[in-house]
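Residues per chain are reported as follows:
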Amino acid sequence: MAADTQYDVIIIGTGAGGGTLAYALAPTGKRILLLERGNFLPREKENWDPEAVFAENRYTSNDTWYDSKGKPFQPGSHYFVGGATKVYGAALFRLRKEDFGELRHHGGVSPAWPVSYEDMEPYYTKAEQLYSVHGQRGVDPTDPPASAPYPLPPVAHELRIQELSDQLTKAGYHPAPAPTGILLNEQDRNNSLCIKCDTCDGYPCMVHAKADAEITCVRPALKHPNVTLITNAHVASLKTSPSGREVTEVVVDRKGKTETYSGGIVVVSAGAANSARILLMSANDKHPNGLANGSQLVGRNYMFHNSIALVALSKRENPTKFQKTLSMNDFYFAMDDFKYPCGNIQMLGKSKGPMFKGDAPRFAPGFSLEMMAKHSIDFWLTSEDLPDPENRVTLTPKGEIKLSYTFNNQEPIRRLEAKLKSMLGEIDCHSHLIPNTLYLGKSIPIAGVGHQVGTCVFGTDPKTSVLDINCKAHELDNLYVVDTSFFPSIAAVNPSLTAMANALRVADHLKERLS
């Protein structure tokens, strides 16, 4: 094998997990190879065009997945350097402390994690500093304890959102600044990369002002001469030694040709569904059900949140541009009349007319699309779906992803929606909410895969988990999975910061191993 195909560490995927891990390992001087299925996302005017982004799905992958009945659908996945963070809303929440323990829900039990919040806390702090998170401690009553303040002050509310915050506070609620990862300097706007535009959440950032994994981690990592990036590298499978204990080759399909690479350590960070696919595609005599799958859990326990994008029509115009500055967790663990966790309410990026296609005439007769957008206040509601081994990723005979999913624990999201509806009068809005299905990316509910987790859960028992607490496969000595696959439960806030923090945690383990 040629010398330039051998590395100390190979990382498959450059998103919140893989990109962050590469950044943390780059100073070690070890030869690191990043394999990215996509390319750099192009900088072009269409980055900020809602028609191109939401209606035409310009940056969505051309993948075809299949549901449990074999019906094809296009998932809302994104394959670029930086992974899904290229189009995320940069809402960088910590899981609540209680999320790391067992929680009883209306629909079942959310299991405890094998590590505690205290174990993760130093890495949350490092991830917030790395990803330039703006926020304010102590306003949200569910905020977990932290060893340091946010590195940057909260993003200032625009006038209508400040009014909304004041109205919610007056009504007895606890709205808080949303923790946001953007490269913004509000004290020196002339020299700020971020311009607080209305095309952030769900869009690529044309001016590279979003703290995504490419800008924050991959590009700085590539400044180290020991780090190499290969794009358009679609990993087909992993080959092992005769014993089955080590991954010896990473097989890549690149522009129609097969290439192979070897690494002392191999890290799969392709996203929960695709990481499971790689392991399942790599079955051999020693691993007949797929790599690391002696527990039969690879691909199982897929979760992606019970979420709704909702629009409240304000009685007056809402001129807000950067709207995603407010969050509320008053009902995260319970409501007065409901003893079970419900979840998180936060703002969405400001909606525009093209995003309402297919929704408006049915729910708001007499409103034009643009009129709706001008009067809209946009909310994102998130509650937990619970791990279920029958919610799983498997493969079709051609090796394509088959996603079988049955919704569970639905009562909390219904309660959260009803609660928001009951609050509309208090925030000067009309008495109805409109679903924004285009924001979710697809009309097929399971196609909204932005928050996917859980397909390679970590734990201490090889019979009930795929990975150990360092995210190394129990059954292989040099295979790690470092993305959101390791989550035993999904909690009810965005998973990105936890993926980043965990990558930094695993990086400390790998530095020790590499030394």
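Source: prediction; values computed, not measured.

## Concerning the packing of helix α1 (residues 18-25) against helix α5 (residues 213-222)
The contact between α1 and α5 brings their axes to 8 Å, and the two run at 40°. With respect to their mutual orientation, α1 and α5 come out oblique. As for how α1 packs across α5, the hand of that crossing is left-handed. Of α5, the residues touching α1 (which contributes Gly-19, Thr-20, Ala-22 and Tyr-23) are Thr-216, Cys-217, Val-218, Pro-220 and Ala-221. Its residues assigned to classes, the contact of α1 with α5 comprises six nonpolar, three polar and no charged.

## Concerning the sheet that holds strand β14 (residues 306-314)
Read from one edge of the open sheet, six strands run β8-β15-β16-β17-β14-β20, paired in antiparallel fashion. Unpaired on one side and paired on the other, β8 (176-177) and β20 (429-435) mark the two borders of the sheet. Where strand β16 (residues 344-347) meets strand β17 (residues 376-383), four bridges bridge the pair, whose relative direction is antiparallel. Counted as the bridge partner of Asn-344 is Thr-382 from β17. On top of the sheet, helix α4 (residues 159-170) reaches β14, β15 (326-328), β16 and β17; it is set at about 20° to β15, its chief contact. Here helix α9 (residues 411-422) sits on the sheet and contacts β14, β16, β17 and β20; the angle it forms with β17, its principal contact strand, is near 155°.

## Regarding the environment of Asn-408
Within the secondary structure, Asn-408 is located in the loop between β19 (401-404) and α9. Excluding its chain neighbours within four sequence positions, the residues that come into contact with Asn-408 are Asn-306, Asp-385, Leu-386, Asp-388 and Asn-391. Engagement of the side chain of Asn-408 in a polar contact is seen with the backbone nitrogen of Leu-386, the distance being 2.8 Å.

## Comments concerning the packing of aromatic side chains
One pass over the structure, following the stated rule, counts 19 aromatic pairs. Pairing Trp-65 with Phe-73 gives two aromatic rings, centres 6.3 Å apart and planes at 75°, and the pair type is edge-to-face. Judged by relative accessible area, which is 2%, Trp-65 ranks as buried. Owing to a relative accessible area of 5%, Phe-73 belongs among the buried residues under this scheme. Centre to centre, the rings of Tyr-173 and Phe-331 are 6.0 Å apart; their planes meet at 70°, and the pair counts as edge-to-face. In this pair, Tyr-173 is assigned in the loop between α4 and β8 and Phe-331 in the loop between β15 and β16, connecting sequence segments 158 residues apart. Of the two residues examined, Tyr-173 and Phe-331, each falls in the buried class. Every member of this aromatic cluster is reached through a ring pair, and the members are Phe-100, Trp-113, Tyr-117, Tyr-124, Phe-458, Phe-486 and Phe-487. The side chain of Arg-31 reaches across the aromatic face of Tyr-7, ending 4.6 Å from its centre. The ring of Tyr-150 has Arg-137 sitting right over it, with the charged end atom 3.8 Å from the ring centre.

## Re the nonpolar core
Ile-12, Leu-35, Tyr-131, Leu-238 and Leu-479 are the most contacted members of the largest nonpolar core, which totals 112 residues. Broken down by element, the residue count for this core peaks at 10 residues, all from helix α10 (residues 496-514). Residues in contact with Leu-35, not counting those within four places in the same chain, are Ile-10, Ile-11, Ile-12, Gly-13, Ile-230, Ala-233, Val-235, Val-250, Val-252 and Tyr-261. Grouped together as the second largest cluster of nonpolar side chains are 26 residues, Cys-342, Phe-379, Met-423 and Cys-429 included.

## What about the pairing of strand β2 (residues 32-35)?
Covered by surrounding structure in β2 are Ile-32 and Leu-34 together with Leu-33 and Leu-35, the residues of both alternating faces. Pairing analysis gives four bridges linking strand β1 (residues 6-12) to β2, with the strands arranged parallel. Looking across to β2, one finds that Ile-10 is bridged to Leu-33. A crossover connection joins β1 to the parallel β2 through α1; in handedness this β-α-β unit is right-handed.

## So, unusual backbone geometry
Working note: non-glycine residues mostly have negative phi, and peptide bonds are mostly trans. Its identity as a non-glycine residue notwithstanding, His-208 has a phi of 55°, on the positive side. Residue placement: His-208 occurs in the loop between β9 (180-181) and α5. Unusually for a residue other than glycine, Asn-232 sits at a positive phi of about 55°. Residue placement: Asn-232 occurs in the loop between β10 (227-230) and β11 (234-240).

## Side note on the pairing of β14
Burial analysis of β14 places eight of its nine residues in the buried class, the great majority of the element. Across eight bridges, the pairing between β14 and β17 is antiparallel. The residue of β17 that forms the bridge with Ala-312 is Ile-377. For β14 and β20, the ladder comprises four bridges, and the chain directions are antiparallel. In the strand pairing of β20, Val-311 is matched with Ile-434.

What counts, and at which threshold
- Residues numbered from 1 in each chain as written.
- Predicted model: local features only at pLDDT ≥ 70, side-chain atom pairs only at ≥ 80, totals over all residues.
- Heavy atoms only, no water.
- Axes fitted to C-alpha atoms, helices over the stretch in contact; angles between N-to-C directions.
- Helix = DSSP H or I, 4+ residues; strand = E, 2+ residues; numbered from the N terminus.
- Parallel < 35°, antiparallel > 145°, perpendicular 65-115°, else oblique.
- Left-handed = near helix turned anticlockwise from the far one by under 90°.
- Contact = heavy atoms within 4.5 Å.
- Nonpolar A, V, L, I, M, F, W, Y, C, P; charged D, E, K, R; others polar.
- Pairing = 2+ DSSP bridges.
- Polar contact = N/O pair within 3.5 Å; in protein donor to acceptor, adjacent residues only side chain to side chain.
- Phe/Tyr/Trp six-rings, centres within 6.5 Å; stacked < 30°, edge-to-face > 60°.
- Buried < 20%, exposed > 50% of the residue type's maximum accessible area, 1.4 Å probe, protein only.
- Lys NZ or Arg CZ within 6 Å of the ring centre and 35° of its normal.
- Core = buried A, V, L, I, M, F, W, Y, C linked by side-chain atoms within 4.5 Å.
- Right-handed = clockwise from strand over helix to strand, strands pointing away.

Nothing here speaks to function; it is all geometry.
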